[in-house]
Amino acid sequence: MLSFDIIKPEEAKDLAALADEIWHEYFPCILSQGQIDYMLKRFQSEKAVLEQLGDGYIYCFIRSGGDVCGYMCIRPEEKRLFLSKLYIKAEYRGRGMASWAMCFIRGFCKGKELSEIYLHVNKYNEHSIAVYSHLGFEIADSCVDDIGSGYVMDDYIMTMRP
């Protein structure tokens, strides 16, 4: 059985270590090592996670039988929910965890009366695009955001109704 445990500030360091593990395993086929390291430091370091927690982001460890198998991050907005992150460790992928996470997220949205879920996904991340499409998301737009140090995020914006 899966559980979704909201992280406490004192767990930000553990979250950052998990992000480092997953990102270095998953993203080398899409991003350069330099961009992965830069993005981890900027968006998934202990300091960055603590700042995001203070800005209304909610991070959850995804656990299966007590084992941490991934994490997600959401931020409720006025009428919609931003799915900021959903990452599963390699050995747990393909077991329906993204579907379980979406059930949790849909329930959260219904409880808060949020009418849309949206996310950003790298345009070259074909696997994640396919997973999100399977879960009911559709490509609504695209964007290129300068994130500093010569790096950009070239993303699709995908949306769905909860």
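Shown above is the structure to which this text applies.
Just so you know, these numbers come straight off a predicted model, no measurement behind them.

Calculation rules
- Residues numbered from 1 in each chain as written.
- Predicted model: local features only at pLDDT ≥ 70, side-chain atom pairs only at ≥ 80, totals over all residues.
- Heavy atoms only, no water.
- Helix = DSSP H or I, 4+ residues; strand = E, 2+ residues; numbered from the N terminus.
- Expected span 1.5 Å × (residues − 1).
- Buried < 20%, exposed > 50% of the residue type's maximum accessible area, 1.4 Å probe, protein only.
- Arc of directions from axis to C-beta.
- Contact = heavy atoms within 4.5 Å.
- Disulfide = S-S within 2.5 Å.
- Pairing = 2+ DSSP bridges.
- Axes fitted to C-alpha atoms, helices over the stretch in contact; angles between N-to-C directions.

A. Representation of helix H4 (residues 97-112) in the model. Between its terminal C-alpha atoms H4 stretches 23 Å, which fits the 22 Å expected from 16 residues at 1.5 Å a residue. What H4 keeps buried is the set Met97, Ala98, Ala101, Met102, Ile105, Phe108 and Cys109. Taken end-on, H4 shows its buried residues confined to a sector of 135 degrees, consistent with a single buried face. Opposite the packed face of H4, turned more than 90 degrees from it, sit the exposed residues Lys110 and Gly111. Note on H4: the residue one or two positions beyond its end, Glu113, has a positive phi of about 55 degrees.

B. Spotlight on helix H3 (residues 46-54). Where H3 is concerned, the buried positions are Ala48, Val49 and Gln52. End-on view of H3: buried residues confined to an arc of 100 degrees, all on one side of the axis. Away from its buried face by more than 90 degrees, H3 exposes Lys47 and Gly54. On its buried face, H3 sits against helix H1 (12-26), helix H2 (33-44), strand S2 (58-64), strand S3 (67-76) and strand S4 (80-88). Among the residues trailing H3, Gly56 stands out with phi positive, at a value near 95 degrees.

C. Geometry of the state of the cysteines. Taken as a whole and assessed by the stated rule, the structure comprises 0 disulfides. Between Cys29, a free cysteine, and Cys143, which holds the nearest cysteine sulfur, the sulfur-to-sulfur gap is 20 Å. No disulfide involves Cys60; its sulfur sits 8.5 Å from the nearest other cysteine sulfur, which is in Cys73. Its relative accessible area of 1% is what places Cys60 among the buried residues.

D. Representation of the sheet that holds S4 within the structure. What the 7 strands build is an open sheet, ordered S1-S2-S3-S4-S5-S7-S6; its pairing is mixed. Looking at the sheet topology across the chains shown, the edges are occupied by strand S1 (2-6) and strand S6 (138-148). With strand direction ignored, the average angle separating the axes of adjacent strands in the sheet is 30 degrees. Relative to strand S7 (residues 151-160), strand S5 (residues 116-122) runs antiparallel, the two being bridged by 6 bridges. Within the sheet, the bridge partner assigned to Ile117 lies in S7 and is Met160. Seen against the sheet, H1 touches S2, S3 and S4 and runs at an angle of roughly 105 degrees to S3.

By themselves these figures say nothing about function.
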